[in-house]
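# Tertiary structure, described
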Amino acid sequence: MLRDKDTFKKMFIEKFEETSGTSIQEGTELDKYRALASLIRDEIMPYWVDANLAYKDTDQKQVYYFSIEFLLGKLLRTYLYSLDIEEMVEEGLEELGISLADLELIEKDAGLGNGGLGRLAACFLDSMAYRAIAGHGCGIRYKYGLFEQKIIDGHQVEIPDNWLKYDNMWEIKKSSKQILVRFFGHVRTVENKGRMEFIHENFESVMAVPYDIPMVGEHATVNTLRLFGSEPYTSEEGMGYLSKDDHAKSVEYRRSVEAISEILYPNDANYEGKLLRLKQQYFLCAAGLGAIVRSYKKKNRSIIEISEYIAIHINDTHPALCVPEFMRILMDEEKLSWDEAWTMTTEVMSYTNHTTLPEALEVWPTEMMKKLLPRIFMIIEEINRRFVNEISEIYSDDPGKIERMKIVNGGHIRMANMAIVGSYSVNGVAKLHTEIIKNHLMRDFFELMPDKFNNKTNGVSHRRFLIKSNPSLTQIIDNEVGKQWRHQPRLLVDLLKNIDDDEYRKKILQSKRHNKEKLASYIADTTGIVVDPDSIFDIHVKRIHAYKRQLLNAFHIMDLYLRLKDNPNLDISPRTFIIGGKAAPSYYFAKKIIRVINRLGYNINNDKKIKDKIKVVFIENFNVSKAEIIYPACDVSEQISTATKEASGTGNMKFMMNGGITLGTLDGANIEIKELVGEENFFTFGLTPEEVLRYSKFGGYNAWEEYHRNENLQRVLKQFLYSCFDQGNNEFQDIYDSLLKQNDEYYVLKDFASYIEAQNLISERYKNQQRWSKMMIHNIAKSGYFSSDRTIDEYAKGIWKV
């Protein structure tokens, strides 16, 4: 065990020679990284083994968190912190002439997620381990991540994210625990001793091979993230539909199997892509549930009691097939009756909804489901039939409501409806989001089963996004309030006690300046753009989408640029606009927005007439590691989605923890941030949720009226047709048309004037750094509420009962 620096150095040298077959002097940085990772993994192993044995030997209830994404980030330094050996290892390596920071650069961000959904899942695993909850993740081991984003001539270009290029040093392959997953074929029904049995025949076999990654908490708590990779089934029985000598079909089969876990979110613009996504979702559910039930049965407990020992959580609708798959296992393999299986399923399953957008609720064509998963389709049809019979008795005079609540309807299967019907708990992820679910999006279900619905406002790991990301601020906090806040983040509120101390506020500002210098250096190194650390760092990083309104941000930048061109001596606080995020490969409009931002940045950054008062930077390939540099450097946190459209947001919480001041609409968790910090420490603008919902329900919004009402807005919009963006090809005509001819779906024009007013207020407030530092402290002090530790405690007590 690594208990002192000398022991570490000795063991590291031994491990290096063992893994590389050479001396440290001759070894590469990759060799050193692999040796260190191997040594740390060895350190984790005894704790991991003991934790697994303890779980097997006790009656502690196990939580299994199913998610299509787990956006982990890098794990090396996280493990060192959890094992409480970070300082020792860093100093030991330094004495050997090795930089821990350099080795950390070797590790690639795991390509297992895309945005907030996957990062939330990773934060939850972190908090479950730290809160000593027996909670494990179930996901897919994608060979390639979503994509690596390159910006070429202002355009997003997608290249493969080969995150496994140097292998994943933290995973353990468990081939002996593989699970058989069945696709296609047909189902034969037979009667056996008065009981109907369903025999799945001529199916395509796929092996789900687990790869386990340790999730390390305090006090030797180590949980498991289990990721499944897809591999061909080599037995002749599993390939019975192929001719033994049909080599071409054998190759095609192998390719189709490996494609299941090849890439996160395959392009679903065509039938084959949709089919592959459905395959992925069932693969995850069947593999995960198969492993859970097999492990449970080894304890020689009755399957009837499984809800007392197992909780299964469905993170968004991607794993909603857990409901019919669990029914299949209980009925076809465990020989339970329908009623017994349904009771157990609805006692085990819980579901988190992550959207307010009806179009984002997943549906699958019935014919596709029937062909790919014939037995699952039968179960879904029966769940639907029984549910419709039940509600038909209650709502016999309201056929419209019955149609809306059906799981199978109009040639499609509604996954959210199935998740709600098959779960005992349905939660939203912010107070506003939950109210929208109850009163609008899922109102029919809430009226039928109100006790199922509850709110669990999201949270983020303060260990990664404050302690790890921002060591200078962490040190200040430790000195002010002690270290107990690291374990009880709500103790951050004690930072308010000395808020009037000039020296204390000066340290807070110095820490921010240090982090801004670090980000400025990164920007210069990666883009060649020189930015001023004394300027306002106005940051907007998240997935590119119309409702997140990066376009509104671009409108403000354009408006400010035009004003500076008119008057280069305009008295403003200098600004650096930092924007980042990926657009889905098939999302044409979002990719146009990226092009707009980069084109705007090129013009501004090369216009000497405005005296460098504003700069625009697009951070390509935004990921967790880059977020850890960006969040601590933020002055203004852009959270400007259309009210009612963002379920919660978590970037808003990460910026807040690092002293970023939110510029936001009354949307998602922004509302709760504002309530905690007070209106004077938050910049609010835009339509209220009630106003947006009123427009959505009754209409009355006219984009042309907004356009003609505001001369500055007219001036900005005209740039999309000529002048600043003049390329002679009407490149941005479609953006112009979306706002005026298609009536501005996300109210960009309506909120423009209010947004500009808030931005002008920011410029004035920032000039008073003493006041600004107090705003920063208020945000940091109140951010403890948004630790995922609090969120997980609420899930544990209110949903999982652990």
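These numbers were taken from a predicted model, which means no experiment stands behind them.

### Focus: the overall build of the protein chain
A count of helices and strands for the protein chain gives 32 helices and 23 strands. Scaling as 2.2 N^0.38, a compact globule of 802 residues should have a C-alpha radius of gyration of about 28 Å, and the protein chain matches this with 27 Å. For the protein chain, the spread of C-alpha atoms along the three principal axes comes to 90 × 75 × 55 Å. Here the protein chain, with 802 residues, has 60% of them falling under the buried criterion. Residue pairs in contact within the protein chain that sit at least 24 positions apart in sequence constitute 76% of those at least 6 positions apart. Within the protein chain, one finds 105 positive and 116 negative side-chain charges whose respective centroids are separated by 1 Å.

### Considering the pairing of strand β18 (residues 536-541)
Burial within β18 is extensive, with six of its six residues counted as buried. Relative to strand β19 (residues 575-580), β18 runs parallel, the two sharing six bridges. Residue pairing in the sheet places aspartate 538 in a bridge with phenylalanine 577 of β19. Chirality of the crossover, the property in question, places the unit of β18, helix α21 (residues 550-566) and β19 among those that are right-handed. Pairing geometry for β18 and strand β21 (residues 636-639), over two bridges, is parallel. Its bridge partner lying in β21, aspartate 538 is registered against valine 636.

### Observations regarding the packing of helix α19 (residues 471-481) against helix α20 (residues 502-527)
Axis separation between α19 and α20 bottoms out at 9 Å; the angle between their running directions is 160°. Comparing the axis directions of α19 and α20 gives the class roughly antiparallel. Seen from above, α19 lies across α20 with right-handed handedness. Contact with α19, carried on its side by Ser472, Leu473, Ile476 and Glu480, involves Tyr504, Lys507, Ile508, Ser511, His514 and Asn515 of α20 and no other residues of that element. Split into classes, the residues belonging to the contact of α19 with α20 amount to four nonpolar, four polar and two charged.

### Quick look at the packing of aromatic side chains
Evaluation of the coordinates by the stated rule reveals 22 aromatic pairs. Their ring planes at 65° and their centres at 5.2 Å tell us that phenylalanine 124 and tyrosine 795 sit as a pair that is edge-to-face. Of this pair, phenylalanine 124 sits in helix α6 (residues 116-130) while tyrosine 795 sits in helix α32 (residues 788-800), and the two are 671 residues apart along the sequence. Grouping residues by exposure puts phenylalanine 124 and tyrosine 795 together as buried. Grouped by ring-pair contacts, the aromatic residues Tyr65, Phe124, Tyr795 and Trp800 constitute a single cluster. The cationic tip of lysine 582 hangs over the ring face of phenylalanine 147; the distance from NZ or CZ to the ring centre is 5.0 Å.

### Looking at unusual backbone geometry
With a phi angle near 70°, aspartate 167 is a residue other than glycine that sits in the positive phi range. Its identity is not glycine, yet lysine 335 carries a phi of approximately 65°, on the positive side. For lysine 335, the position within the fold is in the loop between α10 (322-333) and α11 (338-348). On the basis of relative accessibility, which here comes to 43%, the residue lysine 335 falls in the partly exposed class.

### Some details on the sheet that holds strand β15 (residues 412-414)
Read from one edge to the other, the open sheet built from three strands follows the order β13-β15-β14, with strand pairing classed as antiparallel. Across the chains shown, the open sheet's two edge strands, defined by having one partner strand only, are β13 (363-365) and β14 (408-409). Pairing between β13 and β15: three bridges, direction antiparallel. Counterpart to valine 363 in the pairing with β15 is arginine 414.

### A few points about empty space enclosed by the protein
Under the criterion given, the structure shown has six cavities of 30 Å³ or more. The calculated volume of the largest cavity comes to roughly 220 Å³. Taken together, 18 residues form the lining of the largest cavity, with Leu75, Thr78, Ser82, Asp126 and Arg464 sitting closest to its centre. If you list the elements that add at least two residues to the lining of the largest cavity, you get α3 (76-82), α6, β9 (204-216) and α18 (462-468).

### Re the pattern of salt bridges
Opposite charge on two side chains permits them to pair, given that their charged atoms come into close proximity. Evaluation of the coordinates by the stated rule reveals 65 salt bridges. For lysine 32, the salt bridge is made with glutamate 29, and the minimal N-O distance between the two is 3.4 Å. Of the two residues, lysine 32 and glutamate 29 are both situated in helix α2 (residues 29-57); the distance of three residues between them amounts to about one turn of the helix. Classification of glutamate 29 as partly exposed rests on a relative accessible area of 31%.

### A closer look at the packing of α20 against helix α31 (residues 769-782)
Between α20 and α31, the least distance of the axes is 10 Å, while the angle of their chain directions is 80°. Comparing the axis directions of α20 and α31 gives the class roughly perpendicular. Residues Asp502, Tyr504, Arg505, Ile508, Leu509 and Lys512 of α20 form the contact with α31, whose own contacting residues are Gln769, Gln770, Ser773, Lys774, Met776 and Ile777. For the contact of α20 with α31, the class distribution of residues is five nonpolar, three polar and four charged.

### What about the nonpolar core?
Core analysis: the biggest nonpolar cluster contains 145 residues, and Leu36, Ile40, Phe183, Leu321 and Trp800 have the highest contact counts within it. Considering every element that reaches this core, the biggest residue donor is helix α8 (residues 271-297), with 14 residues. By size, the runner-up hydrophobic cluster in this structure holds 112 residues, among which are Leu466, Leu519, Val636 and Leu749.

### A closer look at the sheet that holds strand β22 (residues 661-664)
In spatial order, the strands read β20-β19-β18-β21-β22-β23; together these six strands make up an open sheet with parallel pairing. Each of the sheet's edge strands pairs with one partner strand only, and the pair in question is β20 (614-619) and β23 (683-684). Inspection of the sheet shows β21 paired to β22 by four bridges, in the parallel sense. Along β22, the bridge assignment pairs glutamine 639 with glycine 664.

Calculation rules
Residues numbered from 1 in each chain as written. Predicted model: local features only at pLDDT ≥ 70, side-chain atom pairs only at ≥ 80, totals over all residues. Heavy atoms only, no water. Helix = DSSP H or I, 4+ residues; strand = E, 2+ residues; numbered from the N terminus. Rg over C-alpha atoms; globule rule 2.2 N^0.38 Å. Buried < 20%, exposed > 50% of the residue type's maximum accessible area, 1.4 Å probe, protein only. Contact = heavy atoms within 4.5 Å. Lys, Arg positive; Asp, Glu negative; His and termini not counted. Charge placed at Lys NZ, Arg CZ, Asp CG, Glu CD. Pairing = 2+ DSSP bridges. Right-handed = clockwise from strand over helix to strand, strands pointing away. Axes fitted to C-alpha atoms, helices over the stretch in contact; angles between N-to-C directions. Parallel < 35°, antiparallel > 145°, perpendicular 65-115°, else oblique. Left-handed = near helix turned anticlockwise from the far one by under 90°. Nonpolar A, V, L, I, M, F, W, Y, C, P; charged D, E, K, R; others polar. Phe/Tyr/Trp six-rings, centres within 6.5 Å; stacked < 30°, edge-to-face > 60°. Lys NZ or Arg CZ within 6 Å of the ring centre and 35° of its normal. 1 Å grid on protein atoms, 1.4 Å probe; cavity = no way out; pocket = protein on both sides within 12 Å on 5 of 7 lines; lining within 4 Å. Points joined across faces, edges and corners; volume = space filled by probe spheres on them. Salt bridge = Lys/Arg side-chain N within 4 Å of Asp/Glu carboxyl O. Core = buried A, V, L, I, M, F, W, Y, C linked by side-chain atoms within 4.5 Å.

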